[in-house]
Structures are given as C-alpha cells and as structure tokens.
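Architecture at a glance
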Amino acid sequence: MKNYDDKLRIWECAALAALCIALLAATWAQARQNAISAELVRLHVIAVSDDEYEQRIKLRVRDAVLEYLRPLLKDAKNPEEAKVVIKQNFEGIEAAAGKAAQGRSVRVSLGRESYPTKRYLGFSLPAGNYDSLRIILGEGKGHNWWCIVFPPLCLDAAQAQQVQSVMSREDYAIVSEDEGYELRFKLVELWGELLNRTGL
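Residues numbered from 1 in each chain as written. Predicted model: local features only at pLDDT ≥ 70, side-chain atom pairs only at ≥ 80, totals over all residues. Heavy atoms only, no water.

If you tally the helices and strands in the protein chain, you get 7 helices and 6 strands. Overall, the protein chain shows an N-to-C arrangement of helices and strands of α-β-α-α-α-β-β-β-β-β-α-α-α. Split into buried and exposed, the 200 residues of the protein chain put 43% on the buried side. Of the contacts made within the protein chain by residues no fewer than 6 positions apart, 75% connect residues no fewer than 24 positions apart. A total accessible area of about 11200 Å² is found for the protein chain, and carbon and sulfur atoms account for 57% of it. (Helix = DSSP H or I, 4+ residues; strand = E, 2+ residues; numbered from the N terminus. Buried < 20%, exposed > 50% of the residue type's maximum accessible area, 1.4 Å probe, protein only. Contact = heavy atoms within 4.5 Å. Areas by Shrake-Rupley, 256 points an atom, 1.4 Å probe, with all protein chains shown as cover.)

Hydrogen bonds along the backbone pair up the strands of a sheet, which may run parallel or antiparallel. Spatial ordering of the open sheet is given by β2-β5-β1-β6, a layout of 4 strands whose pairing is mixed. Pairing within the sheet leaves two strands with one partner each, and these edge strands are β2 (106-115) and β6 (144-150). Put simply, the sheet's adjacent strands are angled 30° from each other on average, direction ignored. Here 5 bridges tie strand β1 (residues 41-46) to strand β5 (residues 128-137), and the two strands are oriented parallel to one another. (Pairing = 2+ DSSP bridges. Axes fitted to C-alpha atoms, helices over the stretch in contact; angles between N-to-C directions.)

A word on the pattern of salt bridges. Between side chains of opposite charge, a pair can form when the charged atoms approach closely. All told, the structure shown has 9 salt bridges when counted by the stated rule. Across the salt bridge formed by Arg56 and Glu52, the nearest N and O atoms sit 3.3 Å from each other. Here Arg56 and its partner Glu52 are both found in helix α2 (residues 52-73), 4 residues apart, which amounts to about one turn of the helix. For Arg56, a relative accessible area of 40% corresponds to the partly exposed category. Its salt-bridge partner being Lys83, residue Asp131 comes within 2.8 Å of it at the nearest N-O pair. (Salt bridge = Lys/Arg side-chain N within 4 Å of Asp/Glu carboxyl O.)

Within the chain, Gln102 stands out as a residue other than glycine whose phi angle is a positive 55°. Considering the arrangement of structural elements, one finds Gln102 in the loop between α4 (90-101) and β2.

It is worth spelling out the nonpolar core at this point. The biggest cluster of nonpolar side chains holds 35 residues, and the ones touching the most others in it are Val61, Ile135 and Leu137. Looking at this core, the elements with two or more residues in it are β1, α2, α3 (79-88), α4, β2, β4 (123-125), β5 and β6. Here this core takes 7 residues from α2, the largest share from any one element. (Core = buried A, V, L, I, M, F, W, Y, C linked by side-chain atoms within 4.5 Å.)

What follows deals with the packing of α2 against α3. Contact geometry of α2 with α3 gives a least axis separation of 10 Å together with a crossing angle of 125°. Comparing the axis directions of α2 and α3 gives the class oblique. Where α2 crosses over α3, the two elements pack in a sense that is right-handed. Between α2 and α3, the residues in contact are Leu69, Leu72 and Leu73 and Ala82, Val85 and Ile86, respectively. (Parallel < 35°, antiparallel > 145°, perpendicular 65-115°, else oblique. Left-handed = near helix turned anticlockwise from the far one by under 90°.)

This is how it looks when you write it as structure tokens:
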C-alpha cells in the first residue's frame, strides 16, 4: 500500500508541476501576444463574395483606403495616435472605399478583432486579437484581405524593417522567428489560435 501511495504522490507532483508550467507558459504567451498586438493596427477588408470580380473589387478598396490613409498617418508615432487619426477620418475612409467599391455598400469600424497567423515577407504575426480597421463590402461573405495599416505595410517592400522600428527587440525577434525564437513564436501562435477558437 505504501508503494502505491508513493507512486500516487509522484504522479500528483508531476501533474501539479505540468499544470504550473502550462499556466506559466500561457501567461507568458498572453503577455507577448498583447505586447505584439499593442504595437500594430491591422486592416481587414471583406469582399461581397468569392466571385473573382468581387475579389478584385476588394483589392481596389484596399488600395484606395491605403492611399487615403497614408498621408494622414505619416506623422503618427504610435498605434494610439494612428487610431485617433482613423476615428477622425471615418467619413473619408468610407468615401474612399465607397468610390472604389463601385456602388457596393461599405461599412467601416475600428475595434478588436481575432486574426489567424499571417505570414509576410520577413516576419509573421501570430494568431490573436488585434486593433483592426474593418471594412465590409456588401454582405461581406467573401474572402478577407489582412494587412497592417500602422505601420503602413500592405504595399511596401521594406515590411520587416518597418515592423522592427515599432516593436521591442524581444517582440520583433519573436515575429521574425530569429534563431532561438521559433519555439516562442509557436507558443504565442498556439495560444492565439486557442483564444480564437474558444472566443475568449
């Protein structure tokens, strides 16, 4: 009986240690995801449908909105300033999007939104919740376009350098998956995907 009790205690200790490690990892992943998302404002354009022409319209809307916002955001020093500019220019954003949408209805909003992991040239953003300028065309039943409106990265070839300029060294090392940081990126990515699936 003593051997059984000893084995049970070993398993209990192992389970408790595993739970503690999992909680610490989840806490770290949540903190890193929050830090990464706090440094960016994403752009999310949703097409009317998956029809090829509607998908082209979606990209025209993206281009028109970015062209409208680029001069307005050039002096924004951080995401908070960028969000103020975006909120102050909802009408202009809607007008720019509406002109490119060729008669389709346009809905513009700014808020927190769940994103999947997205890979860009030179870096990746883990799944999770981000501040997001969201533009829905018509019924919004088509595929999405995801990119970053602050810093402005959607159409710029120097994406990785711009991301690096607004992120802390550790956060940039995670999203660029520098050597030794791949596991950390994976942990933040898995945590973000779990939150997205559970709706937390």
